[in-house]
Amino acid sequence: MISTRDGRPGVACSDRREKLPPPEPRISKPGSTEAEGLVSEDHTAKRANMHRDEVSRQIATCCRRMWEAGLIAGADGNVSVRVGPDRILVTPRGLLKCELEPEDIVEVDLHGVHRGGCRQATTELDLHLRVYRLRRECGAVVHAHPPTATAFAVAGEAIAGDVLPEITLLMGEVPVVPYATTGTPALGDATEPFIPGHDAVLLANHGALTWGADLAKARIRMESLEHAARILLAARTLGRVTRLTREQIDALERLRGTSPHDQY
Ligand SMILES: [Zn+2]
């Protein structure tokens, strides 16, 4: 056990490749069907690894951008991306998000079993897995503590889906999940009923969770949620929040699916 760069105990990520078992020796005659099969198998495995490396880079970049945008502080928040029917890449626990490197990213299966990487997955992994299990089309989940949206969560107030067209189109109403202790199955249990019918939720006294077909869409939902929360708060200080009419919402919903942001 060594000390990681944030001072927490952990293992050095540079050890990761050394810990992998050596590849099985493969003996085959060149030009044979078997050899061709192995070449294409190797090619597929290489492409899968390149894809994982690229997704790990995207996750690290996403974390840095959320930190720069003030949506998270310190080790707050976590991000995951589905890279196979039963494989998820997810941020590790404890590390500062602004310093995350692609090699810090952890691979788990849909049951949360560790499948790759030298760190431990986020303590809020269960929350992500619940979304992937209940929304098969979901490709990415983002959890952050955006200040104004979280203020609504602290107040126990949903973000209305019928005030700002962007929110109507991107995610609709964002409800508040009742409080439960972070990092425990109780938080997943409390969140589950909201997952099938929503694309984003506020977690009472905690933060927000968004998801989407890919990482860009999940992150855009998080950014837009915080932006909407700021506008709603400002409108309140002006003394009036005007809601869209049913006809206006119907007109927006007819656009659903044609918006570039909204292709789930
Ligand atoms: Zn959290």
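Within each chain, residues carry numbers counting from 1 in the order of the written sequence. Local features in this predicted model are restricted to residues whose pLDDT is 70 or higher, and side-chain atom pairs enter the listing and the counts only when it is 80 or higher, whereas totals over whole chains, interfaces and linings include all residues.

A closer look at the pairing of strand 3 (residues 78-84)
- Here exposure depends only on C-beta density: within 10 Å of a residue's C-beta, 20 or more other C-beta atoms make it buried, 12 or fewer make it exposed, and intermediate numbers make it partly exposed, the C-beta atoms being placed from the backbone. Runs of H or I in DSSP of at least four residues are treated as helices and runs of E of at least two as strands, each being numbered from the N terminus. Burial analysis of strand 3 places five of its seven residues in the buried class, the great majority of the element.
- Two strands form a pair only when DSSP identifies at least two bridges running between them. Turn length for the strand 3-strand 4 (residues 87-90) hairpin, with the two strands adjacent in sequence and antiparallel, is two residues.

Some details on the sheet that holds strand 4
- Spatially, eight strands are ordered 6-5-4-3-7-10-9-8 in an open sheet, and the strand pairing comes out mixed. Sheet topology places strand 6 (114-116) and strand 8 (176-177) at the edges, where each strand pairs with a single neighbour.
- Bridging between strand 4 and strand 5 (residues 106-108) involves three bridges; their strand directions are antiparallel. In the sheet register, Val90 faces strand 5, and the bridge partner there is Val106.
- Sheet strands in contact with helix 4 (residues 147-155) are strand 8, strand 9 (200-203) and strand 10 (207-212), and its direction is about 115° off that of strand 10. Note that contacts rest on C-beta atoms placed from the backbone: two residues are in contact if these are within 7 Å. Lines are fitted to the C-alpha atoms to define the axes, a helix being fitted only along its stretch in contact, and any angle between axes, read from their N-to-C directions, falls within 0 to 180 degrees.

Concerning the pairing of strand 7 (residues 140-144)
- Of all five residues in strand 7, five are buried, a share of seventy percent or more.
- Side chains Ala140, Val142 and Ala144 of strand 7 all project onto a buried face; the interleaved residues Val141 and His143 project onto the opposite face, where all are buried too.
- Across four bridges, strand 3 lies against strand 7 in antiparallel orientation. Following the sheet pairing, Asn78 is matched in strand 7 by His143.
- Where strand 7 lies against strand 10, five bridges are found, and the strand directions are antiparallel. When the bridges of strand 10 are listed, Ala144 appears paired with Ala208.

Examining the environment of Ala60
- Residue placement: Ala60 occurs in helix 2 (residues 33-68).
- Each C-alpha atom of the pair Ala60 and Lys97 lies 7.7 Å from the other, and the pair is 37 residues apart in sequence.
- With residues near it in sequence (within four places) discarded, Ala60 still touches Leu100, Glu101 and Pro102.

Comments concerning unusual backbone geometry
- The backbone of Asn205 sits at a positive phi, close to 55°, despite the residue not being glycine.
- Summarising the element assignment, Asn205 is placed in the loop between strand 9 and strand 10.
- Given 15 C-beta atoms within a 10 Å radius, Asn205 is considered partly exposed.

A closer look at the confidence of the model for the chain
- When pLDDT is averaged along the chain, the result is 86, and 82% of the positions lie at 70 or above.
- As a per-residue quantity, pLDDT reports the predictor's confidence and falls between 0 and 100. Note that pLDDT drops below 50 for residues 1-12; the model gives that stretch 15 contacts with residues more than four away or on any other chain.

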